[in-house]
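Residue-level listing of the chains:
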2 protein chains.
Amino acid sequence: MSKPVITAFDWVPWFAKGLVRDLRVRWALEEVGQAYDVRYLPQGSQKAPSHRALQPFGQVPTYEQDGLTLFESGAIVQHIAETYGGLLPRDAGGRARAIEWMFAALNTVEPPITDYAIATLFEGEEPWSRPRLPAVIARISERLDELSRRLGENEWLDGSFSAGDLLMIAVLRQLKGTSLEGAHDNLAAYVARGEARPAFQRALASQMAGFTAPPPPEYAFLDQPPTRQGESR
Amino acid sequence: MSKPVITAFDWVPWFAKGLVRDLRVRWALEEVGQAYDVRYLPQGSQKAPSHRALQPFGQVPTYEQDGLTLFESGAIVQHIAETYGGLLPRDAGGRARAIEWMFAALNTVEPPITDYAIATLFEGEEPWSRPRLPAVIARISERLDELSRRLGENEWLDGSFSAGDLLMIAVLRQLKGTSLEGAHDNLAAYVARGEARPAFQRALASQMAGFTAPPPPEYAFLDQPPTRQGESR
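Residues numbered from 1 in each chain as written. Chains lettered and ligands numbered in written order. Predicted model: local features only at pLDDT ≥ 70, side-chain atom pairs only at ≥ 80, totals over all residues.

Is there a simple way to think about helix α1 (residues 22–32) of chain A in this case?
Because each turn of an α-helix spans 3.6 residues, side chains separated by three or four positions in sequence point in the same direction. Residues and elements named next belong to chain A. Within α1, 10 of the 11 residues are buried, which leaves it mostly tucked inside the rest of the structure. Those residues of α1 that fall on the buried side of the exposure criterion are Asp22, Leu23, Arg24, Val25, Arg26, Trp27, Ala28, Leu29, Glu30 and Glu31. One or two residues past the end of α1 sits Gly33, with phi positive at roughly 75°. (Buried ≥ 20, exposed ≤ 12 C-beta atoms within 10 Å, placed from the backbone. Helix = DSSP H or I, 4+ residues; strand = E, 2+ residues; numbered from the N terminus.)

As C-alpha cells, this is what we get:
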C-alpha cells in the first residue's frame, strides 16, 4: 500500500489549534506507525467543488490511499485501525466494545461539548448564549459524571488502549481551558495519559507545525486568544 | 448464537414515539432477518445502577447476546452488520465508505438536529430558545443542502442500501413535522424509500407496539401532541 494522504488547514482560529479533527487521524497513523503526507487546504478552499468532491460537507480531514477516498474522522480512524492493527482488540467481543466507545465518544459525549463551543465561541456574542450556558454545562456534566463513574480507576475504557480511547480523549480535550476541564480527577488523568503517548505528541506537533499561513484579514482578530483582563473563553 | 436481547422503553413522550434509538437496532435486525427479544425498562429505571451496568449513560438500547453486552446504537448496528452480513459491502473500499456514512450520520448530521430538538422541545419554553432558532435551522440547512447535493439522483448514498443509509435515514426522520422536513425533494424521497422497506415497517410497528405503559403522572401532558390552534413543534 502506498503512503496515505490526508487534508488539513494551514490556518485556524486560536481556539481550534491542536483540536482540528485531522489530529485524530494523525494520532491513529502515529499509533500504528504509518507515515503519511498532508495536503494543506488554503483558507476558504474547503468549500470549493474540488474539495467537496472528496468531502461533501466541506470539512477536514480526508484520507486518500490507492484509489480509496474517505472522509469523517471517526470512520478514517476505524479504517486505519482495521488496516494496520494495534488499535482494536483481536477478539470479536473486545473489538465490538472498542467500536462502542468510538461511537459513544462521537455521538453521546461530543455533541453537548460542541454545543458549548457554539454557545461560547461561535455564538459567544449573541444575547441568547449566556442565559442558556448553565443548561449546556449541565448536559456535559451529566455525561462526564457517567463517564467518570464507568472509567473508575482503570487506565483505559476497556482493557488496552484502543481507537475508542483515542477518540474519547480527543473529544475530552475540547474542554481544555473551560470550567469543566478538571471536574473529575480520573478523567483528567485519563486525558493526560493519552496526551503523554509519544504517538499523540508527534501528531500534535505535526498539526501545530502545519499552521504556517497568516490569518485571512477578516479573521485576524481570531489569530490569538483575547488577552484583555477579565475576558475568558 | 442465541437470540439477542435489546432494551427499550415502555413509554416515551409523543415526540419520541417512532424515533427512540432502539428503532435503529430493530431495523438492522429486521434487515438481516434475525429474531430478537425485548426487555422493556419501566420509566425511570434507565438511570438505576442495574441498567447503568449495561449502559453507563443510562440510555436505550443495549444489546446482549451470548455474554457480549453492547450499548450505543451506532456500534450495535455495526456489530449486527458484521455478524450477520447484508448491511455492509463485502469489498474493503465499499465497506469503509458505508462505515463513513454511519459516522457522517451520527457525528455530522445528527448533532445540529439534536440541537433543534433541544431548542423546540426540551428547552422550548426557555426565553433563549426562540431567538436562537434561526441559527440552529441554518446549521441543519447547510448539512441538508450538502447531503442533498451528494445524494443527487442516486437511490442510496453509495451503491446498495447499507448500514450507512439505515442510520442516515433514521437521523433524517427526526425532522418530521418540522419546517425542514420537505426542504429537498431527493432527501424526502430517500427517507420515503427507507421507510418503505419491509424491515423498517416491521421495526417501527414493533417499537410502537411496545409503548404499553401509561405515562408517569408528572409527564402525562407529554403523552399526546399539543392540539391548541397555532401551537406546533
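Looking at this structure, I do not really get the confidence of the model for chain A. What am I missing?
Interpreting fine coordinate detail is not advised for predicted regions of low pLDDT. In this model, chain A carries a mean pLDDT of 94, and residues with pLDDT of at least 70 account for 97%. Predicted complex metrics record ipTM = 0.95 and pTM = 0.96. (pLDDT = per-residue confidence, 0-100.)

I keep staring at the interface of chain A and chain B and nothing clicks. Help me out?
By convention, interface size is frequently given as the accessible area that disappears when the constituent parts associate. If you look at the interface, chain A gives 37 residues, while chain B gives 37 residues. At the level of elements, β4 (68–71), α3 (73–84), α4 (92–122) and α5 (129–151) of chain A are the ones that each hand at least two residues to the side of chain A that touches chain B. A total of 14 residues in the side of chain A that touches chain B trace back to one element, the largest contributor, which is α4(A). Residue composition of the side of chain A that touches chain B, by class: 17 nonpolar, eight polar and 12 charged. (Contact = placed C-beta atoms within 7 Å. Nonpolar A, V, L, I, M, F, W, Y, C, P; charged D, E, K, R; others polar.)

Where do I start with the nonpolar core in this structure?
Nonpolar side chains in soluble globular proteins tend to be buried together. Formed by 108 residues in total, the largest nonpolar core has its most connected members in Ala28(A), Ala163(A), Leu167(A), Ala28(B), Ala163(B) and Leu167(B). For Leu167(A), the contacting residues outside a window of four places in its chain are Arg24(A), Gly74(A), Val77(A), Met102(A), Ala105(A) and Leu106(A). (Core = buried A, V, L, I, M, F, W, Y, C linked by C-beta atoms within 7 Å.)

Please clarify how the domain arrangement of chain A should be interpreted in this entry.
Residue and element names in this part refer to chain A. By domain assignment, chain A separates into domain 1 (5–86 + 200–220) and domain 2 (92–197). In this structure, domain 1 and domain 2 have C-alpha centres spaced 21 Å apart. At the junction of the two partners, domain 1 supplies 11 residues and domain 2 supplies 12 residues. Sorting the residues of the side of domain 1 that touches domain 2 by element identifies α1 and α3 as the ones contributing at least two each. When its residues are assigned to classes, the side of domain 1 that touches domain 2 shows eight nonpolar, two polar and one charged. (Domains from an automatic or database assignment.)

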